[in-house]
Amino acid sequence: MPADPLAARAPRPHVVKLGGSLIGAPALPRLLRAFARARGSVLLVTGGGPFADAVREAQPRLGLSDAACHRMAILAMEQTALAFADLAPGLVPVDSAEAIARAGEEARPAIWLPARMALAARELPESWALTSDSLAAWLAGSIGAGRLTLVKSAPAVPGSGPRDWAAGGLVDPLFPDYAGSIAGPVEVMSLEAALGHFTDGSLAA
């Protein structure tokens, strides 16, 4: 990905991936509002949730290729992001490295619309093996994020890091390689833990 001139001046963002399985959780709107009030460099990445599930269900019925489903699943993530942005209007939708850097410079919380960047990234495998977790890690590495947090409905499996999580099925098998490109910490939190962590001022710049 070409270097962006704004990226060198912007704070290193904290990428927070919100799993699609969180859709419908009663506490989700509260967490989104906490992010929308943040005055720091935070970038939300969403899972595809029921929109991605619809793609999975359609594939065998229609005989769709994995390549087509890869693109459709990215669009499913975009739909979730648009829905979350509607629930928390303080979140700034961003679809480029430049827009991400600008939001960071202005200390405005952002939410990633993945279609523009992810569909143009030919290095990403067009396979169900690549989930939104790996896309969040790919993005975090690409923009030089300082931290990646995965917020999931399932508890973290025992182990020291991404390879243990992949072995336990918490993340996809490609995630450890993408996570390895992130300079800062990579962590997993439950929704309950995230509520406690991100609503107590931890998002301040």
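Sequence order sets the numbering: in each chain, residues are counted from 1 along the sequence as written. The predicted origin of the model limits local features to residues at a pLDDT of at least 70 and limits the giving and counting of side-chain atom pairs to 80 or more, whereas totals for whole chains, interfaces and linings rest on all residues. Note: side-chain values were computed over all heavy atoms of the structure, leaving out hydrogens and water.

Description of the packing of aromatic side chains
- Whether two aromatic rings pair depends on their centres lying within 6.5 Å, for rings of Phe, Tyr and Trp, where Trp uses its six-membered ring; planes under 30 degrees apart make the pair stacked, over 60 edge-to-face, and the rest tilted. Within the structure shown, the criterion is met by three aromatic pairs.
- For the ring pair Phe-35 and Phe-198, a centre distance of 5.1 Å and an interplane angle of 45 degrees mean the geometry is tilted. You can see Phe-35 sitting in helix α1 (residues 28-36) and its partner Phe-198 sitting in helix α9 (residues 191-198), a full 163 residues away along the chain. Both residues of the pair, Phe-35 and Phe-198, count as buried.
- Aromatic side chains Trp-112 and Trp-138 sit 6.4 Å apart centroid to centroid with 40 degrees between the ring planes, which places their arrangement in the tilted category. Separated by 26 residues along the polypeptide, Trp-112 in strand β4 (residues 110-112) and Trp-138 in helix α6 (residues 132-143) bring together distant segments of the chain. By the burial criterion, Trp-112 is buried, and Trp-138 matches it. Strands are runs of DSSP state E lasting at least 2 residues, helices are runs of H or I lasting at least 4, and numbering of each runs from the N terminus. Think of it in three bands: residues with accessible area under 20% of the maximum for their type are buried, residues over 50% are exposed, and the middle band is partly exposed, with areas taken using a 1.4 Å probe on protein chains only.

What to know about the side chain of Ser-96
- Relative to the helices and strands, Ser-96 is located in the loop between β3 (92-94) and α4 (97-105).
- A polar atom in the side chain of Ser-96 sits 3.1 Å from the backbone nitrogen of Ala-99.
- Whether two residues touch is decided by their heavy atoms; if any such pair falls within 4.5 Å, the residues are in contact. Residues within four places of Ser-96 in sequence aside, it is in contact with Arg-116 and Met-117. The term polar contact refers here to a pair of N or O atoms within 3.5 Å; inside protein, the definition further demands a hydrogen-donor-capable atom paired with an acceptor-capable atom, and it admits residues adjacent in sequence only when both atoms are side-chain atoms.

What to know about the sheet that holds strand β6 (residues 186-190)
- For two strands to count as paired, DSSP must find a minimum of two bridges between them. Pairing within the open sheet is parallel, and its six strands lie in the order β3-β4-β2-β1-β5-β6. The sheet is open, and its two edges are formed by β3 and β6, each paired on a single side. Adjacent strand axes in the sheet meet at a mean angle of 25 degrees, parallel and antiparallel pairs treated alike.
- As paired strands, strand β1 (residues 14-18) and strand β2 (residues 42-46) are joined by five bridges and run parallel to one another. Note on geometry: axes are C-alpha line fits, over the in-contact stretch for helices, and angles between N-to-C directions span 0 to 180 degrees.

Details of the layout of surface pockets
- Reported here for the largest pocket is a volume of approximately 570 Å³.
- Here a cavity denotes a set of grid points, spaced 1 Å apart and computed over the protein atoms alone, in which a 1.4 Å probe fits but from which it cannot get out, and a pocket denotes an open set meeting protein on both sides within 12 Å along at least five of seven lines; residues with an atom within 4 Å of a point are reported as lining. If you go around the largest pocket, you meet 32 residues; those closest to its centre are Gly-48, Ala-52, Arg-56, Thr-131 and Ser-132.
- Ranked by residue count, the leading element in the lining of the largest pocket is helix α3 (residues 66-87), at six residues.
- Residues of the lining of the largest pocket, tallied by class, amount to 13 nonpolar, twelve polar and seven charged. Grid points are joined across faces, edges and corners, and a volume is the space filled by probe spheres set on the points. Gly is put with the polar residues, along with every residue not named as nonpolar or charged; the nonpolar set is Ala, Val, Leu, Ile, Met, Phe, Trp, Tyr, Cys and Pro, and the charged set is Asp, Glu, Lys and Arg.

Some details on the confidence of the model for the chain
- Here pLDDT means the predictor's own confidence in every residue, given as a number from 0 to 100. Chain-level statistics for the chain give a pLDDT mean of 90 and a share of 90% at 70 or above.
- The weakest mean pLDDT in the chain belongs to α9 at 88; the strongest belongs to β4 at 98.
- Low confidence marks residues 1-8, where pLDDT is under 50. Its contacts with residues over four positions away, or in another chain, come to twelve contacts.

So, the packing of helix α2 (residues 49-62) against α3
- Two elements in contact, α2 and α3, have axes whose closest approach is 7 Å; the angle formed by their N-to-C orientations is 160 degrees. Considering the angle they form, α2 stands roughly antiparallel to α3. Classified by chirality, the crossing of α3 by α2 is right-handed. In this structure, α2 contributes Gly-49, Phe-51, Ala-52, Val-55 and Gln-59 to the contact, and α3 contributes Asp-66, Cys-69, Met-72, Ala-73, Ala-76, Gln-79 and Thr-80. Should an angle lie under 35 degrees it is considered roughly parallel, over 145 roughly antiparallel, and from 65 to 115 roughly perpendicular; all remaining angles are considered oblique. Crossings are assigned a handedness: left-handed for a near helix turned anticlockwise from the far helix by less than a right angle, right-handed for a clockwise turn.

Notes on the packing of α1 against α9
- At their nearest, the axes of α1 and α9 sit 10 Å apart, and the two run at 30 degrees to each other. Crossing geometry of α1 relative to α9 is assigned as left-handed. Listed contacts from α9 to Leu-28, Arg-30, Leu-31, Ala-34 and Phe-35 of α1 are Leu-191, Ala-194, Leu-195 and Phe-198.
- Looking at the contact of α1 with α9 residue by residue, the class counts come to eight nonpolar, no polar and one charged.

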